Amino acid sequence: MEGVDHLADERNKAEFDVEEMKIVWAGSRHAFQVSNRISRLVANDPIFEKSKRAVMSRKELFKNTLKKSAHAWKMINELRLSDEESIRFRSFMDQPGFVDLHWGMFVPAIKGQGTEEQQQKWLPLANNMQIIGCYAQTELGHGSHVQGLETTATFDPQTDQFIIHSPTQTSSKWWPGGLGKVSTHAVVYARLITNGKDHGVHGFIVQLRSLDDHSPLPGITVGDIGMKFGNGAYNSMDNGFLKFDHFRIPRDQMLMRLSKVTREGKYVASDVPRQLVYGTMVFVRQSIVSNASNALSRAVCIATRYSAVRRQFASQNGGTETQVIDYKTQQNRLFPLLASAYAFRFVGEWLKWLYTDVTQRLEASDFATLPEAHACTAGLKSMTTSATADGIEECRKLCGGHGYLWCSGLPELFAVYVPACTYEGDNVVLQLQVARFLMKTVSQLGSGKAPAGTTEYMGRAQHLLKCRSSVKKAEDWLNPGMVLEAFEARALRMAVSCANNLSKFENQEQGFSELLADLVEAAIAHCQLIVVSKFIAKIEGEIKGKGVKNQLKNLCYIYALHLLHKHLGDFLSTDSVTPEQASLASHQLRSLYSQLRPNAVALVDAFNYTDHYLGSVLGRYDGNVYPKLFEEALKDPLNDSVVPDGYHEYIRPLIKQHIRSARL
Ligand SMILES: CCCCCCCCCCCCCCCCCCCCC/C=C/C(=O)SCCNC(=O)CCNC(=O)[C@H](O)C(C)(C)COP(=O)(O)OP(=O)(O)OC[C@H]1O[C@@H](n2cnc3c(N)ncnc32)[C@H](O)[C@@H]1OP(=O)(O)O
Ligand SMILES: Cc1cc2nc3c(=O)[nH]c(=O)nc-3n(C[C@H](O)[C@H](O)[C@H](O)COP(=O)(O)OP(=O)(O)OC[C@H]3O[C@@H](n4cnc5c(N)ncnc54)[C@H](O)[C@@H]3O)c2cc1C
């Protein structure tokens with residue numbers, strides 16, 4: 001029935017102020033107002049309609065993305081939207097496209113690695129979209145191993161130019177988004193060679209296509225790398241290939257903030273760490289963590305609302321059938337994901353602060369916190385994207401058969417999201433960066449240099465290596481100090497165990513290779529500790545609104561205790577908890593699920609998502625699922641005719657043959 005709220009009973013059960021929770025979720029009242037207004041602006045504009053993406057051909061989908069981007073840009077300018085509003089606009093458009101790479105990587109690369117002069121020249125062009133850029137780093141042969149890139153940029157002192165060249169097939173750029181069909185320019189990463197000497201990988205601004213007719217410039221071969229996973233999904237993006245044949249650019253198009261090449265061809269390195277050439281990736285990894293909470297919360301919102309609508313089997317005392325959300329197994333799978341969505345939101349907020357802090361320090365030539373910022377962005381990007389990709393798939397299963405329908409919104413969400421485990425650094429490769437950082441920190445314990453920031457707990461090694469958890473009853477697991485101590489002891493003991501095992505090898509690098517799997521586990525334990533500790537910090541701060549803090553506390557302990565349950569092997573083998581304490585944690589977790597249950601639908605309402613953004617029949621705000629599933633089915637092109645195309649060629653002859661043989 002139209003207009004009826006099928007989830008009204010659920011909403012009436014809520015024990016907290018949903019409007020205040022919306023503000024906590026958004027980050028501030030202002031952020032909530034911006035999101036609320038912009039999401040409705042996008043939802044009400046027919047250009048941003050997205051329900052036909054799965055049945056569009058690749059070319060149609062790509063052109064549709066261009067149309068949406070052009071319309072968005074027109075609106076952004078006409079309405080004079082701020083940067084914050086424009087970013088929300090792009091997010092609610094919900095269609096990956098070249099603009100992500102232009103604004104998300106090309107512009108930041110110039111800002112981070114260009115000199116003042118270069119910024120003055122290129123940023124106005126990019127900011128007005130008079131040029132469109134992408135980030136061309138990965139090659140056919142190398143993505144993770146950036147120092148292994150093969151494209152060369154050789155300085156020619158006679159002409160004061162760099163010659164950009166792809167010497168082998170594997171040196172072709174391969175994957176950059178926006179490169180295949182749209183970008184006029186790229187920041188290209190290539191090995192800098194002056195006077196026959198290789199100075200390693202540097203960034204260069206390279207024009208690829210004519211600004212008059214969009215044709216590739218002579219010496220440039222460029223195109224799209226082909227269809228990717230899923231229908232619709234990330235296929236709206238023109239990930240591309242690019243080959244250079246001795247292509248020349250002026251010397252001043254090398255990004256020279258970190259190091260320079262003089263007119264004479266002399267290479268001058270500045271005193272800033274060369275790793276700042278990777279700065280754009282650090283920026284994007286940080287934004288990917290916030291985005292993980294968006295993607296996971298969408299999936300959880302769909303699965304929670306549908307689990308409240310869906311009924312299976314009569315309850316034990318007869319009467320109406322049971323809502324599937326009331327099954328403890330459903331709660332055990334769904335509620336930790338709901339808690340994770342909130343956890344990733346808060347750790348994303350914290351990481352944004354950390355990133356801003358390190359950026360300000362770098363501007364003042366203080367490089368001390370760079371290794372920690374790198375480890376945190378790499379590790380949290382890895383941990384949150386892996387958990388989110390797995391979580392979206394779990395939400396699909398939580399919706400049973402209907403979750404497999406494209407109109408549930410979950411298959412496309414998964415297909416768009418899952419490459420986040422690979423892009424901006426493969427998740428295993430990134431955890432190994434965290435592991436290196438942890439091994440370094442452990443090796444310096446006792447040297448007088450106290451670990452700081454997220455490794456501060458390692459400075460309490462004497463205590464954490466020996467302590468026994470003092471949990472005695474289930475409610476003790478709601479004590480933040482006891483929860484933190486268990487996570488700190490587990491993370492430290494895993495890191496120290498890896499360090500001890502490493503020390504048994506004569507060759508450290510060989511030892512590191514042998515122990516890779518354990519090192520990744522230790523890195524994940526450290527990252528989980530960060531997320532738990534930032535969630536606890538959040539609930540210990542000021543939070544307004546009736547019952548809001550209470551709900552956040554429940555979510556925080558569900559997040560921590562489900563991790564404890566999931567990684568029980570780690571906690572037991574490191575003696576961080578006893579089997580009895582683990583069983584008390586499970587008991588407490590069940591109690592928390594029961595407390596969360598009446599608030600579940602309201603907790604996902606607090607995300608404040610429009611039906612347009614959710615794009616899911618199962619997750620509709622009004623819960624009116626069944627009639628809408630029929631409506632969606634009838635829209636499928638296969639249902640345009642009653643008798644399908646192909647009947648006369650392929651079905652009728654079969655049936656007739658059968659009838660003939662049956663007559664024989
Ligand atoms: C028109 C309408 C709309 C308009 C609207 C406008 C608004 C729109 C707004 C849109 C905004 C969008 C927001 C952004 C979203 C972006 C979308 C994202 C889409 C995805 C695109 C994907 C892009 C990519 O994938 S780019 C390529 C990424 N590649 C990688 O990540 C490669 C991974 N590999 C590496 O990073 C390194 O090589 C690594 C880390 C493996 C290092 O290997 P190594 O061999 O150890 O490295 P080495 O170079 O020798 O380093 C030694 C030393 O340095 C340390 N190190 C490494 N990296 C860093 C670093 N980044 N920072 C600091 N330190 C670093 C390393 O740890 C070593 O240290 P020591 O051990 O101490 O020596
Ligand atoms: C959708 C999408 C968009 C992208 N957009 C861009 C873009 O805009 N610009 C750009 O430059 N690039 C882009 N990329 C490329 C992306 O950054 C790389 O694919 C990514 O960094 C992984 O590198 P790789 O493909 O070389 O993986 P590989 O390193 O080849 O990984 C293969 C396997 O090897 C393992 N492995 C690799 N090294 C190690 C190691 N040292 N120890 C243990 N295991 C290891 C990995 O864990 C993985 O299981 C994009 C990729 C995708 C999928």
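In this text the structure is predicted, and so the values were computed from the model without any measurement.

Q: A description of the sheet that holds strand E7 (residues 220–224) should follow, citing residues and the corresponding values.
A: The 3 strands are arranged E4-E8-E7 in an open sheet whose pairing can be described as antiparallel. In this open sheet, the two edge strands, each paired with only one partner strand, are strand E4 (173–174) and E7. Looking at chain direction, E7 and strand E8 (residues 240–244) are connected through 5 bridges and run antiparallel. In the sheet register, Thr221 faces E8, and the bridge partner there is Lys243.

Q: Which residues make up helix H2 (residues 18–26), and what values go with them?
A: By the burial criterion, the buried members of H2 are Met21, Ile23, Val24 and Trp25. Contacts made by the buried residues of H2 are with helix H3 (29–43), helix H9 (328–363) and helix H17 (548–566). At the C-terminal side of H2, Gly27 shows a positive phi close to 110°.

Q: Now, about H3: what can you tell me, with residues and values included?
A: Residues spaced three or four apart along an α-helix face the same direction, because each turn holds 3.6 residues. The end-to-end C-alpha separation of H3 is 21 Å, in line with the 21 Å expected for 15 residues at 1.5 Å each. Restricting attention to buried positions, one finds in H3 the residues Ser35, Ile38 and Val42. Within H3, the buried residues cover an arc of 80° as seen down the axis, which keeps them to one side. For H3, exposure combined with an orientation more than 90 degrees from the buried face picks out Arg29, Gln33 and Arg37.

Q: Break down unusual backbone geometry for me, citing the residues and quoting the values.
A: Most peptide bonds are trans, and most residues other than glycine sit at a negative phi. We note that His214 has phi near 70°; this positive angle belongs to a residue other than glycine. As for its placement among the helices and strands, His214 is situated in the loop between strand E6 (197–207) and E7. C-beta crowding within 10 Å serves as the criterion here: with 11 such atoms nearby, His214 is assigned to the exposed category. Despite not being glycine, Asn608 shows a phi value in the positive range, around 60°. Checked against the element boundaries, Asn608 lands in the loop between helix H20 (600–605) and helix H21 (611–614).

Rules behind the numbers
- Residues numbered from 1 in each chain as written.
- Chains lettered and ligands numbered in written order.
- Predicted model: local features only at pLDDT ≥ 70, side-chain atom pairs only at ≥ 80, totals over all residues.
- Pairing = 2+ DSSP bridges.
- Helix = DSSP H or I, 4+ residues; strand = E, 2+ residues; numbered from the N terminus.
- Buried ≥ 20, exposed ≤ 12 C-beta atoms within 10 Å, placed from the backbone.
- Contact = placed C-beta atoms within 7 Å.
- Expected span 1.5 Å × (residues − 1).
- Arc of directions from axis to C-beta.

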